[in-house]
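Structural description and commentary
The primary structure of each chain is shown beneath.
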Amino acid sequence: MASQKKAIICGFYGNYNLGDEAMLVGMINLLRKQQENLSFTVFSNDPQDTQVRYSVQSIHRQKRKFMLQRRLKMLQNSYFVLGGGDLLRDSVQSSIAQNWLNPLEQALKLRRRTLVIGISVGEIWKPETKVIIPKVLNQVDFLAVRDVQSKNKLEELGVHNSIHVMSDLALQGIPETFSQSIRPANQPLQVGISVRHLSGRGLSVDVDIYPNLQKEIAALADFLVEEYGAIVHFLPFRTHQYSYHPTDDDYVSILSVLRYSRYSTQFVVHRYFESLQDLNKLIGSLDLMVGMRLHSLILSAGLGVPIIAAEYDPKVRGFMEEIGQSKHSIPLDCFDKVQLQPMIENILGDPLKARKQIQSGVESYRQRMTEVEQALTQIFAKD
């Protein structure tokens, strides 16, 4: 029997964001598909929760008192995996990319096999970020981004390492099947809406438009009730079960939107999803998803549900382009009923056509994994 190989996975995990948790599920599935006898230690902001959910070892990703344990784990594991998500970007406050590349640089110094999987590249403007990205990524053993935009940005920054383009990791946790059933005429339409805050993002995000955006989302929800008799679900992707996140809580954002609605008491406002499976079950029952959160769009598309994107970040546009849905990606400053109404009428007027278009786009997007899986197999075969 071959000896068990060990890998560390480092990403934005244990932060009560179901989009990131979906990527962790996909990461584990992808790597175990290439190497069955692989065990994992996940660097997480809630190690206990991560350990229980995924039956893996876990250490706190940030706390200084665990610094030596993290370094020891690096020495005990053959592979260090960074991903997925929009880890390479700058925020107004700091270089997000530098925070993520620092542990990757440590793994390189310890001569671990290093893999960067399923990331995207956002807005980069800080000089220190422009320096560290090519410095570190040109040394890694494997590099795969989740959209062509990100590949182009890395090459512009001076990354000459081989860059693969893959589908988002979250799709690795969804079977490659699509529902083509259409809801009976006597049953109400089911529409999902995902909202999030805007503070702390890139320079191109105008946070001053947020109050007006909230009004437009409320008007959209009201329109769906009035014109279609739809049951509208507001879905939080990042929230705490019994409290509020201090800076990034989708449930708080939902409550802010409801202030502007005439039908707020008729909406289904979900407080929290206990598991990714519960979230996916609900998404799979929808006729349409209107999403700000990127993974509200990715999971919906993966489950065959038509989508309209509120484009707050380049990664949203990047995904919509990858699946041939850029016409349904609306920048926030254009997000209003005038833009949305014809899209909604087109999708709900011919739901089977809309589902088939999503199926075709996602199937094409998934095909990129063949090359990625072959390359990963070669990496693991070297040891």
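This report concerns the structure included in the present document.

About the criteria used
- By convention here, each chain's residues receive numbers from 1 onward along its written sequence.
- Totals for whole chains, interfaces and linings use all residues, but because this is a predicted model, local features are given only for residues with pLDDT of at least 70 and pairs of side-chain atoms are given and counted only at 80 or more.
- As a convention, hydrogens and water are excluded, and side-chain values are obtained from all of the structure's heavy atoms.
- Strands here are runs of E lasting at least two residues and helices are runs of H or I lasting at least four, both read from the DSSP assignment and numbered beginning at the N terminus.
- Radius of gyration here uses only the C-alpha atoms, and the compact-globule reference equals 2.2 Å multiplied by the residue count raised to the power 0.38.
- Here, residues are in contact when the closest pair of their heavy atoms is within 4.5 Å.
- Calculation of accessible area relied on Shrake-Rupley with a 1.4 Å probe; when residues are assessed, cover is drawn exclusively from the protein chains displayed.
- We score Asp and Glu as negative and Lys and Arg as positive, and we do not count His or the chain ends.
- By convention, charge coordinates are those of NZ in Lys, CZ in Arg, CG in Asp, or CD in Glu.
- Multiplying one less than the number of residues by 1.5 Å gives the expected span of a helix.
- Relative accessibility decides the category of a residue: with a 1.4 Å probe and only protein chains considered, values under 20% of the type maximum give buried, values over 50% give exposed, and everything between is partly exposed.
- Note that the arc is defined by the directions from the helix axis to the C-beta atoms.
- As used in this record, nonpolar core signifies buried Ala, Val, Leu, Ile, Met, Phe, Trp, Tyr and Cys residues forming a set joined through side-chain atoms within 4.5 Å.
- Each pair of aromatic rings taken from Phe, Tyr and Trp, with Trp reduced to its six-membered ring, is defined by centres within 6.5 Å and is described as stacked if the planes are under 30 degrees apart, edge-to-face if over 60, and tilted in the remaining cases.
- Paired strands, as defined in this entry, are two strands with at least two bridges between them according to DSSP.
- We define a salt bridge as a side-chain nitrogen of Lys or Arg found within 4 Å of a carboxyl oxygen belonging to Asp or Glu.
- Grid spacing is 1 Å over the protein atoms alone, the probe is 1.4 Å, and a cavity is where that probe fits but cannot get out, while a pocket is an open set with protein on both sides within 12 Å along at least five of seven lines and lining residues have an atom within 4 Å of a point.
- Grid points are joined across faces, edges and corners, and a volume is the space filled by probe spheres set on the points.
- Charged means Asp, Glu, Lys or Arg here, nonpolar means Ala, Val, Leu, Ile, Met, Phe, Trp, Tyr, Cys or Pro, and polar covers whatever is left, Gly included.
- A right-handed crossover is one whose linking path, passing over the helix from the first strand to the second, runs clockwise when the strands point away from the viewer.

1. Considerations on the overall build of the protein
Within the protein, the secondary structure is distributed over 14 helices and 14 strands. Taken over C-alpha atoms, the radius of gyration comes to 21 Å for the protein, in line with the 21 Å a tight globule of 383 residues would show. Taking the principal axes of its C-alpha atoms as reference, the protein extends roughly 60 × 40 × 40 Å. Excluding contacts between residues fewer than 6 apart, the proportion of contacts in the protein whose partners are at least 24 apart in sequence is 70%. In the structure as shown, the protein presents an accessible area of about 16,400 Å², 48% of it carried by carbon and sulfur atoms. Separation between the mean location of the 43 positive side-chain charges and that of the 40 negative ones in the protein comes to 8 Å.

2. Description of helix α13 (residues 351-366)
Along its 16 residues, α13 runs 22 Å from first to last C-alpha, staying within 8% of the 22 Å computed at 1.5 Å per residue. For α13, the full list of buried residues reads A354, R355, I358, G361, V362, Y365 and R366. Taken around the axis of α13, the buried residues stretch over an arc of 135°, which confines them to a single face. The inward-facing, buried residues of α13 contact α10 (294-302), β13 (307-311), α11 (314-322), α12 (337-349) and α14 (369-381).

3. Description of the nonpolar core
One finds I9, L31, I117, F234 and F319 to be the most contacted residues of the largest nonpolar core, which totals 92 residues. When residues in this core are grouped by element, the largest group, nine residues, is from helix α7 (residues 210-228). Leaving out residues up to four positions away in the same chain, F234 has contacts with I193, I217, A221, I254, V257, L258, F267, V268, V269 and H270. Membership of the second largest hydrophobic core comes to 31 residues, among which are W100, L104, I133 and L154.

4. Let's talk about the packing of aromatic side chains
Across all of its chains, the model carries five aromatic pairs by this definition. On the basis of an interplanar angle of 65° and a centroid distance of 6.3 Å, the ring pair of F43 and F80 is categorised as edge-to-face. Linking F43 in strand β2 (residues 38-44) with F80 in strand β4 (residues 79-82), this pair joins segments that are 37 residues apart in sequence. Ring geometry for F319 and Y365: centres 5.7 Å apart, planes at 70°, overall edge-to-face. Placement of F319 in helix α11 and of Y365 in helix α13 is noted, with a sequence separation of 46 residues between them. Under the relative-accessibility criterion, Y365 is labelled buried at 2%.

5. A few points about the environment of P134
Mapped onto the elements of the fold, P134 is located in helix α5 (residues 127-137). For the pair P134 and N161, spaced 27 residues apart in sequence, the C-alpha separation works out to 8.8 Å.

6. Comments concerning the pairing of strand β1 (residues 5-10)
Across the six residues that make up β1, a large majority, five, are buried. Pairing of β1 with β2 involves six bridges; the strand directions are parallel. Residue pairing for β2: C10 is matched across the bridge by F43. Relative to β4, β1 is paired through four bridges, and the arrangement is parallel. By the bridge assignment, C10 is partnered in β4 with L82.

7. Section: the pattern of salt bridges
A complete count under the given rule lists 15 salt bridges for this structure. Here E105 ties to K135 by a salt bridge, and the two come within 3.2 Å at their closest N and O atoms. Highlighted residues: E105 in helix α4 (residues 96-109) and K135 in helix α5, separated in sequence by 30 residues. Linking E322 and R368 is a salt bridge whose minimum nitrogen-to-oxygen distance equals 2.2 Å. You can see E322 sitting in helix α11 and its partner R368 sitting in the loop between α13 and α14, a full 46 residues away along the chain. By sharing partners, the salt bridges in this structure join R196, R238, D248, D250 and R293 into a single network.

8. Notes on empty space enclosed by the protein
The final tally for this structure, using the stated rule, is four cavities of 30 Å³ or more. Reported here for the largest cavity is a volume of approximately 120 Å³. Taken together, 14 residues make up the lining of the largest cavity; nearest its centre are Y16, N17, L18, R53 and Y272. Computed from the structure, the second largest cavity encloses a volume of approximately 40 Å³. For the lining of the second largest cavity, the secondary structure elements donating two or more residues are α7 and α12.

9. Here we look at the layout of surface pockets
In this structure, the largest pocket spans a volume of roughly 1,100 Å³. Around the largest pocket, the lining comprises 44 residues; the ones closest to its centre are F12, R61, R89, I96 and W100. Those elements that provide at least two residues to the lining of the largest pocket are α1 (18-34), α3 (67-76), β5 (85-88), α4 and α10. It is α4 that provides the largest number of residues to the lining of the largest pocket, a total of six residues. Class assignment for the residues of the lining of the largest pocket results in 13 nonpolar, 17 polar and 14 charged.

10. Structural notes on the pairing of strand β12 (residues 288-291)
In β12, alternate side chains face the same way, and those of L288 and V290 on one face and M289 and G291 on the other are all buried. Pairing between strand β9 (residues 190-194) and β12: four bridges, direction parallel. Looking across to β12, one finds that I193 is bridged to V290. Across three bridges, the pairing between β12 and β13 is parallel. Directly across from G291, in β13, lies its bridge partner A309. On the question of chirality, the crossover connecting β12 to the parallel β13 by way of α10 is right-handed.

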